[in-house]
Amino acid sequence: EHWRFYRQRDEQRGLDVLVGQNDRARNEMAQQIALHNIAPFLLGLPLLALFSILAIRFGLRPLRKLTESLRQLSPLQLQPVNMHDAPKEIAPVVDALNSLLNRISKAIENERRFTADASHELRTPIAAMQAQVQAAQLSGNETEREGCLAKALQGAERMAHLVGQLLTMSRLEELSWP
């Protein structure tokens with residue numbers, strides 16, 4: 001059989017100690033120690049993984065709630081996200097999102113107002129131009145017809161000028177966005 005020995009010599013006292021152990025007994029003892037040490041890991045690691053998963057799910061609950069609140073928003077109605085119970089780590093994100101939603105809502109409202117104003121501003125010159133063209137069609141006098149067509153042309157020029165101003169204003173608004 002195989003044995004392992006350990007020798008220690010003490011020169012001052014004149015002692016020489018020699019200890020031996022059978023390899024089979026040594027290996028059995030090492031296996032018992034290993035099994036005894038690994039048992040807590042085999043039980044502890046699954047429990048630790050379960051607690052970690054639960055802690056992560058619990059910790060991410062405010063983010064899931066925020067995500068659900070954002071999913072429920074409509075492009076036509078951008079209300080601020082209401083998260084009174086949000087942790088302080090998420091509060092700046094919620095504040096930034098609410099600020100962004102407010103700015104987007106104002107921009108959409110400005111766009112609606114701009115579109116409504118532009119359509120009203122364009123309706124008047126178009127109606128005047130139509131009236132002048134109709135008057136030119138009904139007129140039997142050549143001089144009167146030319147006068148109506150000249151006024152229609154002036155109306156078209158005013159409308160082109162107004163459309164140019166609207167396009168310029170639209171481009172300026174695009175440049176003002178950061």
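Residues numbered from 1 in each chain as written. Predicted model: local features only at pLDDT ≥ 70, side-chain atom pairs only at ≥ 80, totals over all residues. Heavy atoms only, no water.

Another point: the overall build of the chain. Per the secondary structure count, the chain includes four helices and two strands. For the chain, the C-alpha radius of gyration of 44 Å lies well beyond 16 Å, the compact-globule estimate for 178 residues. For the chain, the spread of C-alpha atoms along the three principal axes comes to 145 × 35 × 35 Å. Sorting the 178 residues of the chain into buried and exposed places 13% on the buried side. (Helix = DSSP H or I, 4+ residues; strand = E, 2+ residues; numbered from the N terminus. Rg over C-alpha atoms; globule rule 2.2 N^0.38 Å. Buried < 20%, exposed > 50% of the residue type's maximum accessible area, 1.4 Å probe, protein only.)

Between its first and last C-alpha atoms helix α1 (residues 23–59) spans 52 Å; for 37 residues at 1.5 Å apiece the expected length is 54 Å, and the two agree. Of all the bends in α1, the greatest, near 30 degrees, is centred on Gly44, and the proline Pro46 appears no more than four residues after it. You can read the cap of α1 off the contacts: a side-chain oxygen lies 2.9 Å from the backbone nitrogen of Arg24, and it is on Asn22. (Expected span 1.5 Å × (residues − 1). Bend = angle between axes of the 7 residues up to and from the residue. Polar contact = N/O pair within 3.5 Å; in protein donor to acceptor, adjacent residues only side chain to side chain.)

Let's shift gears to the nonpolar core. Soluble, globular proteins show a tendency: their nonpolar side chains are buried together. Grouped together as the largest cluster of nonpolar side chains are eight residues: Leu66, Leu78, Val81, Met83, Ala86, Ile90, Val94 and Leu101. Residues contacting Met83, with those up to four places away along its chain left out, are Pro62, Lys65, Leu66 and Val94. (Core = buried A, V, L, I, M, F, W, Y, C linked by side-chain atoms within 4.5 Å. Contact = heavy atoms within 4.5 Å.)

Below, the discussion takes up a nonpolar patch on the surface. A contiguous nonpolar patch, built from Leu35, Ile38, Phe41, Leu42, Leu45 and Leu48 and spanning about 640 Å² of accessible area, is present on the exposed surface. In this structure, Leu45 sits in helix α1. (Patch = residues over 30% accessible without salt bridge, like charges linked within 9 Å, V, L, I, M, F, W, Y side chains within 5 Å. Areas by Shrake-Rupley, 256 points an atom, 1.4 Å probe, with all protein chains shown as cover. Salt bridge = Lys/Arg side-chain N within 4 Å of Asp/Glu carboxyl O.)

Before going further, it helps to spend a moment on the packing of α1 against helix α2 (residues 61–71). Interaxial distance between α1 and α2 falls to 4 Å at its minimum, and their mutual angle equals 40 degrees. Here α1 lies oblique to α2, going by the angle between them. Residues Arg57, Phe58 and Gly59 of α1 pack against Arg61, Pro62 and Arg64 of α2. Counted by class, the contact of α1 with α2 contains two nonpolar, one polar and three charged residues. (Axes fitted to C-alpha atoms, helices over the stretch in contact; angles between N-to-C directions. Parallel < 35°, antiparallel > 145°, perpendicular 65-115°, else oblique. Nonpolar A, V, L, I, M, F, W, Y, C, P; charged D, E, K, R; others polar.)

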